[in-house]
Amino acid sequence: MAPSPIQSWLERQDQELVDVIKQDVKHHILEIHNRGLSLSGYSILTASHISEIYCNVAVFNCESNISQEPTSPLARFSVDEWQNYSDKAFAKTNEVIKKRNSYFESLCRAQEPLADSLNDLSEIHVHKLHACMIESLAALRREEVFVGDNIFLVVWIPDSGPDEIVYRSVKRLNSDAVYRKFVAAIGWDDPLEDIDASL
């Protein structure tokens with residue numbers, strides 16, 4: 001049986017969104033460098049629900065912040081502990097995500113899926129948006145937009161506990177050694193321990 005329009009759309013790569021996220025991050029990183037700041041970490045602060053995922057915020061950490069708490073690993077690895085926020089950095093990204101959400105909802109109305117199926121489809125849609133965020137940061141790492149390998153990168157969901165997308169992003173965007181340090185510092189059980197972490 002042929003896939004439904006909504007299934008086909010969810011399975012399609014969204015390079016446009018990846019490129020928009022990259023543009024927003026590049027612009028923000030340039031602003032940070034122009035302020036003479038030395039980054040130690042950069043994060044896309046996002047959400048796990050479709051009703052909130054269009055309100056993404058940039059959060060970053062500086063070496064000067066780390067030096068204030070040199071004995072606290074959470075100061076480096078927990079975005080909830082970071083001090084620098086920009087709610088305007090992802091203005092273009094959030095507009096594109098709003099359009100994606102609207103289109104997804106229109107497809108759902110046309111298909112009229114059952115409640116359980118709708119929940120599953122919503123999860124797939126959100127996961128796809130998260131995957132675009134991770135792919136954008138991975139591409140920028142390859143392009144050396146983040147100068148140096150020591151800058152910790154993560155897609156973060158605030159106050160979420162051991163959310164799988166957080167771990168997947170850390171594993172994809174950082175070295176194995178950094179991933180092990182992150183797991184030890186955060187203190188949660190690793191949800192990827194028995195899962196293939198490829199995206």
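Residues numbered from 1 in each chain as written. Predicted model: local features only at pLDDT ≥ 70, side-chain atom pairs only at ≥ 80, totals over all residues. Heavy atoms only, no water.

> Would you take a moment to explain the packing of aromatic side chains for this structure?
Scanning all chains against the criterion turns up 9 aromatic pairs. Taking the centre distance of 5.0 Å and the plane angle of 85 degrees together, the rings of Phe77 and Phe152 count as edge-to-face. Linking Phe77 in helix α4 (residues 74-77) with Phe152 in strand β4 (residues 152-156), this pair joins segments that are 75 residues apart in sequence. For the pair formed by Phe77 and Phe152, the shared burial category is buried. (Phe/Tyr/Trp six-rings, centres within 6.5 Å; stacked < 30°, edge-to-face > 60°. Helix = DSSP H or I, 4+ residues; strand = E, 2+ residues; numbered from the N terminus. Buried < 20%, exposed > 50% of the residue type's maximum accessible area, 1.4 Å probe, protein only.)

> Sorry if this is basic, but what is going on with the pattern of salt bridges here?
Inspection of every chain in the model, using the stated rule, returns 9 salt bridges. The residue Glu95 makes a salt bridge to Lys98 at a minimum N-O spacing of 3.4 Å. With Glu95 and Lys98 both in helix α5 (residues 91-111) and 3 residues apart, the pair spans about one turn of that helix. Relative accessible area serves as the criterion here: at 34%, Lys98 is assigned to the partly exposed category. A single salt-bridge network, built from bridges that share partners, covers Asp14, Glu16 and Arg100. (Salt bridge = Lys/Arg side-chain N within 4 Å of Asp/Glu carboxyl O.)

> Just checking my understanding: could you explain the pairing of strand β2 (residues 57-62) for this structure?
A regular strand places its side chains on the two faces of the sheet in alternate fashion. Counting buried residues in β2 gives 6 out of 6 residues, a clear majority hidden from the surface. In this sheet, β2 lies alongside strand β1 (residues 39-45) in antiparallel orientation, the contact comprising 6 bridges. In the sheet register, Gly41 faces β2, and the bridge partner there is Asn61. Here 3 bridges tie β2 to strand β3 (residues 84-86), and the two strands are oriented antiparallel to one another. Across the sheet, residue Val59 finds its bridge partner in β3, namely Tyr85. (Pairing = 2+ DSSP bridges.)

> Can you walk me through the environment of Ala75 in this structure?
Following the sequence through the fold, Ala75 ends up in helix α4. Separated by 34 residues in sequence, Ala75 and Gly41 place their C-alpha atoms 10.0 Å apart.

> I tried to follow the side chain of Thr46 on my own but got confused; where do I start?
Checked against the element boundaries, Thr46 lands in the loop between β1 and β2. A relative accessible area of 8% places Thr46 in the buried class. Sequence-distant contacts of Thr46, that is, excluding residues within four places in its chain, are made with Ile53, Asn56, His130, Met133, Val155, Trp156, Ile157 and Pro158. (Contact = heavy atoms within 4.5 Å.)

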